[in-house]
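Below are the chains, spelled out letter by letter.
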Amino acid sequence: MATLNVNGALREFEAESDTPLLWVLREQLGLTGTKYGCGIAQCGACTMHIDGVPTRSCVRPASSVTAAEKIVTIEGLSPDGSHPVQKVWASLDVPQCGFCQSGMIMAAAALLKSKPHPTDKDIDEAMTNICRCGTYNRIRKAIKVVAQGGNTKSAGLAIKHTDGSVS
Ligand code: FES
Ligand code: FES
């Protein structure tokens, strides 16, 4: 029996030494918000945080993570979906099918914590996750809106209407 520190609680699990963290999270701890896409660290669907660092859990053996390291999954990002990234994601209707989105949100949350006002280059470098629905433009916009405190106007995303009003 081994122990992980997940979303602020110590959780016990049993696994082979090479079992990926993703499977412990999903199958033993019931945290199914973290998704399986490729299994080879390419798509980012399985992204969660270890001590604040976005990590692809499909290739990280659970046995390599100690109880002193703090794991945060999408379920632990906020108690009620109120993390600024989650709020802007919802207000801008970023997801399409949604499958990649927990990984996207975790990658974006880590980026914005380390760089509250990321440049396009910062976003390109941090957001290497794959979305088969092609939501990349909305993800970039959402990150910029979060960086502007949730304000679409100051993020340069204001819409000019035919009556002259701006929203
Ligand atoms: S499932 Fe881990 S990167 Fe694709
Ligand atoms: S929203 Fe469908 S894969 Fe990204």
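The rules behind these values
- Residues numbered from 1 in each chain as written.
- Chains lettered and ligands numbered in written order.
- Predicted model: local features only at pLDDT ≥ 70, side-chain atom pairs only at ≥ 80, totals over all residues.
- Helix = DSSP H or I, 4+ residues; strand = E, 2+ residues; numbered from the N terminus.
- Rg over C-alpha atoms; globule rule 2.2 N^0.38 Å.
- Buried ≥ 20, exposed ≤ 12 C-beta atoms within 10 Å, placed from the backbone.
- Contact = placed C-beta atoms within 7 Å.
- Pairing = 2+ DSSP bridges.
- Axes fitted to C-alpha atoms, helices over the stretch in contact; angles between N-to-C directions.
- Domains from an automatic or database assignment.
- Nonpolar A, V, L, I, M, F, W, Y, C, P; charged D, E, K, R; others polar.
- Parallel < 35°, antiparallel > 145°, perpendicular 65-115°, else oblique.
- Left-handed = near helix turned anticlockwise from the far one by under 90°.

What follows concerns the overall build of the protein chain. Looking only at helices and strands, one finds five helices and five strands in the protein chain. In the protein chain, the succession of helices and strands from N to C terminus is β-β-α-β-β-β-α-α-α-α. Relative to a compact globule of 167 residues, whose C-alpha radius of gyration would be 15 Å, the protein chain shows 17 Å and is just as compact. Each principal axis of the C-alpha atoms in the protein chain carries an extent, and together these give about 65 × 30 × 25 Å. Expressed as a percentage of its 167 residues, the buried residues of the protein chain come to 35%. Long-range contacts, defined here as pairs at least 24 residues apart, represent 58% of the contacts in the protein chain between residues at least 6 apart.

Looking now at the sheet that holds strand 1 (residues 2-6). On the basis of which strands lie adjacent, the open sheet formed by five strands has the order 2-1-5-3-4 and mixed pairing. What marks the edges here is a single partner per strand, and that holds for strand 2 (9-13) and strand 4 (53-56). Strand-to-strand twist of the sheet, defined as the mean angle between neighbouring strand axes without regard to direction, takes the value 40 degrees. As defined by bridge partners, strand 1 adjoins strand 5 (residues 70-72) across two bridges and the pair is classed as parallel. Note that in strand 5 the partner of Val-6 across the bridge is Ile-71. Set on the sheet, helix 3 (residues 101-114) makes contact with strand 3 (47-50) and strand 4; between it and strand 3 the angle comes to about 35 degrees.

Two strands pair when backbone bridges link them, and strand 3 and strand 4 are joined in this way by four bridges, in the antiparallel orientation. Each residue of the ladder has a partner; that of Ile-50, found in strand 4, is Val-53. In textbook terms, the turn of a hairpin is the stretch between consecutive antiparallel strands, and for strand 3 and strand 4 this stretch comprises two residues, one of which, Asp-51, has a positive phi near 50 degrees. Relative to strand 5, strand 3 runs antiparallel, the two being bridged by two bridges. If you follow Ile-50 over to strand 5, its bridge partner there is Ile-71.

With that out of the way, let us pick up the domain arrangement of the protein chain. By domain assignment, the protein chain separates into domain 1 (2-76) and domain 2 (84-147). Between domain 1 and domain 2, the C-alpha centre-to-centre distance is 21 Å. At the junction of the two partners, domain 1 supplies 15 residues and domain 2 supplies twelve residues. Ranked by residues supplied to the side of domain 1 that touches domain 2, first place goes to strand 3 with three residues. A breakdown of the residues in the side of domain 1 that touches domain 2 according to their chemical character gives seven nonpolar, seven polar and one charged.

Quick look at the packing of helix 2 (residues 84-91) against helix 5 (residues 136-147) now. One can describe the packing of helix 2 onto helix 5 by two numbers: an axis separation of 9 Å at closest approach and a directional angle of 130 degrees. Compared by their axis directions, helix 2 and helix 5 come out oblique. The way helix 2 lies across helix 5 gives a crossing that is right-handed. Residues Pro-84, Val-85, Val-88 and Trp-89 of helix 2 form the contact with helix 5, whose own contacting residues are Ala-142, Val-145 and Val-146.

On to helix 2. Turning to helix 2, its buried residues number three or more, namely Val-85, Gln-86, Val-88 and Trp-89. Where helix 2 is buried, its residues contact helix 3 and helix 5. Just downstream of helix 2, Asp-93 is the residue with a positive phi angle, here 50 degrees.

Our next topic: the environment of Phe-99. When you line up the elements, Phe-99 lands in the loop between helix 2 and helix 3. With 80 residues separating them along the chain, Phe-99 and Thr-19 place their C-alpha atoms 22 Å apart. Discounting chain neighbours no more than four positions away, the residues touching Phe-99 are Lys-35 and Ala-45.

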